[in-house]
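Analysis of the macromolecular model
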Amino acid sequence: MQASDLNTPISQNPAFLKRMKQRSRADQRFRYYGLLAIFIALALLVTLLVSITFEARSAFTRHEVSLDLQLTDTDSRSVYRSIRGAVQNMAGDPADRDVRIEMSQLVSRLAAGDITEALQTSGVDLSATYPVRVPVSDEADRYLKGLATPVHRFDGRGYDQAGERIESDFSGAMQVIQRWHREQISTIRHREFEPALRMRDGLARQAEAAPGDRQLATRLAGAEHRVELIEARLSDFEARFNAERLVLDEFTPSVLFRSGEGWMKAVSISGEMIEAEPVISGLDPDRQRGEILFIEQPESQRSIADAQIVVLERFQTAGRISSHFNGALFSNADSSDAEFAGVLSGLVGSIMIILVTMGLAVPVGIAAAVYLEEFAPRNRWTSFVQVNINNLAAIPSIVFGLLGAAIFVNGVIIPIPFVDGVFRLGGGLGRGWPLVGGIVLALMTLPTIIIASRAALGAVPGSVRQAALAMGATRLQTVNHHVLPMAAPGILTGSIIGLAQAIGETAPLLLIGMVAFVAEMPQGATDRATALPVLIFQWSTRAERAWEPMTSAAIIILLLVMLVLNGLAVLMRLRYEK
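Residues numbered from 1 in each chain as written. Predicted model: local features only at pLDDT ≥ 70, side-chain atom pairs only at ≥ 80, totals over all residues. Heavy atoms only, no water.

Before going further, it helps to examine the overall build of the protein chain. Secondary structure summary: the protein chain contains 19 helices and 13 strands in total. Against the globule reference of 25 Å for 578 residues, the protein chain gives a C-alpha radius of gyration of 35 Å, more extended than a compact globule. Its C-alpha atoms put the protein chain at 105 × 90 × 65 Å along the principal axes. Burial status across the protein chain gives 40% buried among its 578 residues. A distance of 14 Å separates the average location of the 54 positive side-chain charges in the protein chain from that of its 59 negative side-chain charges. (Helix = DSSP H or I, 4+ residues; strand = E, 2+ residues; numbered from the N terminus. Rg over C-alpha atoms; globule rule 2.2 N^0.38 Å. Buried < 20%, exposed > 50% of the residue type's maximum accessible area, 1.4 Å probe, protein only. Lys, Arg positive; Asp, Glu negative; His and termini not counted. Charge placed at Lys NZ, Arg CZ, Asp CG, Glu CD.)

And the structure:
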């Protein structure tokens, strides 16, 4: 350092100014990093919530069809037969047995229950006709919401029809079908043909190295046969694609045409003409004409048939299809049909479980924290207990589920030596009871509440305790009247956050038997029940596509419940801090 630097004031020293600039830049970078981390976290959270909400939007509405029922009896089976008959009559009373079965599948098979109860309550006149609204099946509902299969609509007015030949400008529909063939050719070539070629070439090289291996020769022959089959499929698709007239069947996209003679299905199509056949024989023509439906997914690959789509389009044209808020999602218990399933039983079960958990974990956890922080002597035994409480907070929740199933449900059988007998520890409680679920979640939440309560008690200044004791208060009075009120915001916050975590647990509840299908409301803590997380797990494993939005809707409801609990914790903390 030069002598001139020693005589320079510190605020004007170049080295000092350089270091201050470096510290200022480092501080600014740190703030930017913090803002970037917050932005990334918020972006991921918003992405998650938007994706769940977008997936669940269709679960909050459902479609119903208006029918006129002519009843023969008042029991649910007769009502369901009348519902199926009304749908088939509107579909032209088809003679084909398969088509009649498809028509009956347009309405839910559980729809007769609610209608039967309503009719029996109001009284039934078997000679009268009753207008009712019936929920459509889950696949029909998905089609009406545009989720079952991509559908392109074209204006086909201005055509010339002669029997089953329809002439007009069908270039739009032709381009869409050609694009589908082009995509299928590319998919088969890249996902099937090229991997099959690589496998055949690899087996051929191995066969050359080991010419006497019969098993390898058999595998090579099978690979060559597979390549030939895929190559034949490619040739067939390319021939169809290059032809001026495309032949359509159940393995290609469907083209449905609303004509003056009823709904027709194209069996071949070109840019100027369609050769078609009736979808349902004897079906009356629609008032609306000239609409072409291009259904991108082949009929063999979807769960809704062309005849069902035609009848749904007729219902919409006649104004018999209406969309309503899906109140069953909030008022019904679980069901085997997605259109009648609801979260009420899971919500009631979760409330029962959390009440049991709160009644056990909160008072015991706070009492344990008060004793350990205020009254327990500082020795090795206390340190051992504190370390184990911290370790219990880190144990996976599934371990508590195993403990609950072993102790409370099954019981532990201990053989007594030298005596022909056993000692049974625990057991006797029923599988799937909210009482058992509450006890298990209370054991899991207890360490969290103890740790949070001890932290809140330790944050109270020691001067408060000393002042109370100096005024003649006992240690119990000091804790009750001074320490606990000051620590109440932190204790309540920790307790409610622990309960919010418990209400979202799934693994412990699965192990104690709450995974069973429960279609009725639990009446008490000793009835079989389910919970919202378990209901979400069950719905996510069901095969039908209609359960996907239902699962997302149940997730949103669970998030709202947890948000309410966390908001309650914030409000109570703010209130007690005043």
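A few words on the pattern of salt bridges. Within this structure, the stated rule accounts for 17 salt bridges. Residue Arg142 pairs with Glu139 through a salt bridge whose shortest N-O separation is 3.6 Å. Of the two residues, Arg142 and Glu139 both sit in helix H6 (residues 138-144), 3 residues apart, roughly one turn of that helix. Its relative accessible area of 15% is what places Glu139 among the buried residues. A salt bridge links Arg542 to Asp334; its shortest N-O distance comes to 2.9 Å. With a gap of 208 residues between them, Arg542 in the loop between helix H18 (532-540) and helix H19 (547-577) and Asp334 in the loop between helix H10 (328-331) and helix H11 (344-375) connect regions that are remote in the sequence. (Salt bridge = Lys/Arg side-chain N within 4 Å of Asp/Glu carboxyl O.)

A separate point is the pairing of strand E10 (residues 291-295). Burial within E10 is extensive, with 5 of its 5 residues counted as buried. The alternating pattern of E10 places Glu291, Leu293 and Ile295 on one face and Ile292 and Phe294 on the opposite face, and all of these are buried. Two strands pair when backbone bridges link them, and strand E3 (residues 151-155) and E10 are joined in this way by 5 bridges, in the antiparallel orientation. Residue pairing for E10: His152 is matched across the bridge by Phe294. (Pairing = 2+ DSSP bridges.)

Ordered by their spatial adjacency, 3 strands build an open sheet running E2-E1-E11, and the pairing between neighbours is antiparallel. Looking at strand neighbours, the two that pair on one side only are strand E2 (129-135) and strand E11 (321-325), the edges of this open sheet. In this sheet, adjacent strand axes meet at a mean angle of 35° when their direction is disregarded. Note that strand E1 (residues 61-70) and E2 share 7 bridges and pair antiparallel. By the bridge assignment for E2, Asp68 is matched with Pro131. (Axes fitted to C-alpha atoms, helices over the stretch in contact; angles between N-to-C directions.)

This part covers the packing of H11 against H18. Axes are the key here: two packed helices are described by the angle between their axes and the distance separating the axes. Two numbers describe how H11 lies on H18: the axes approach to 7 Å, and their chain directions differ by 145°. Residues Gly346, Leu347 and Ser350 of H11 form the contact with H18, whose own contacting residues are Leu532, Pro533 and Leu535. The class makeup of the residues in the contact of H11 with H18 is 4 nonpolar, 2 polar and no charged. (Contact = heavy atoms within 4.5 Å. Nonpolar A, V, L, I, M, F, W, Y, C, P; charged D, E, K, R; others polar.)

Before going further, it helps to spend a moment on a nonpolar patch on the surface. Together, Tyr32, Tyr33, Leu35, Ile38, Leu42, Leu45, Leu48, Leu49 and Leu559 make up a nonpolar patch on the protein surface, roughly 920 Å² of accessible area in all. Counting residues per element, the nonpolar patch draws most heavily on helix H2 (residues 14-56), which supplies 8 residues. Position of Leu45 among the secondary structure elements: in helix H2. (Patch = residues over 30% accessible without salt bridge, like charges linked within 9 Å, V, L, I, M, F, W, Y side chains within 5 Å. Areas by Shrake-Rupley, 256 points an atom, 1.4 Å probe, with all protein chains shown as cover.)

It is worth spelling out the packing of aromatic side chains at this point. For the structure shown, the criterion picks out 4 aromatic pairs. With a centroid separation of 5.4 Å and 45° between ring planes, the pair formed by Trp539 and Trp547 is classed as tilted. (Phe/Tyr/Trp six-rings, centres within 6.5 Å; stacked < 30°, edge-to-face > 60°.)

Attention shifts here to the pairing of strand E7 (residues 254-259). Looking along a regular strand, one sees the side chains alternate between the two faces of the sheet. Among the 6 residues in E7, 6 count as buried, and that is most of the element. Here E7 shows no split at all, with Ser254, Leu256 and Arg258 on one side and Val255, Phe257 and Ser259 on the other all buried. Across 5 bridges, the pairing between E7 and E10 is antiparallel. What sits directly across from Leu256, in E10, is Leu293. In this structure, E7 lies alongside strand E8 (residues 262-269), joined through 4 bridges in antiparallel fashion. Considered in E8, the bridge of Arg258 is made with Trp263.

Okay, the packing of helix H15 (residues 462-470) against helix H16 (residues 475-503) next. Where H15 meets H16, the axes come as close as 10 Å, and the angle between the chain directions of the two elements is 145°. Between H15 and H16 the crossing geometry is right-handed. Mapping the contact onto sequence places Val464, Arg465, Ala468 and Leu469 in H15 and Arg475, Thr478, His482, Val483 and Met486 in H16. Split by residue class, the contact of H15 with H16 holds 5 nonpolar, 2 polar and 2 charged. (Left-handed = near helix turned anticlockwise from the far one by under 90°.)

Let us now look at the nonpolar core. Of all hydrophobic cores here, the largest spans 41 residues; its most connected members are Leu67, Ile83, Met103 and Val134. Sorting the residues of this core by element identifies E1, helix H3 (76-90), helix H4 (97-104), helix H5 (111-122), E2, H6, E10 and helix H9 (306-317) as the ones contributing at least two each. Per-element accounting of this core gives the leading share, 6 residues, to H9. Here Ile83 is in contact with Leu67, Leu69, Val107, Ala112, Ile115 and Val134, once residues within four sequence places are set aside. Ranked by size, the runner-up nonpolar core spans 38 residues in total, among them Phe408, Val460, Leu509 and Ala529. (Core = buried A, V, L, I, M, F, W, Y, C linked by side-chain atoms within 4.5 Å.)

Now for the side chain of Asp306. Counting through the fold element by element, Asp306 comes out in helix H9. Under the relative-accessibility criterion, Asp306 is labelled buried at 2%. Among the polar contacts made by the side chain of Asp306, one reaches the side chain of Arg302 at a distance of 2.7 Å. Other than its neighbours up to four places away in sequence, Asp306 contacts Ser254, Leu256, Lys265, Val279, Ile295 and Glu299. (Polar contact = N/O pair within 3.5 Å; in protein donor to acceptor, adjacent residues only side chain to side chain.)

No statement about biological role is implied by the geometric values presented.
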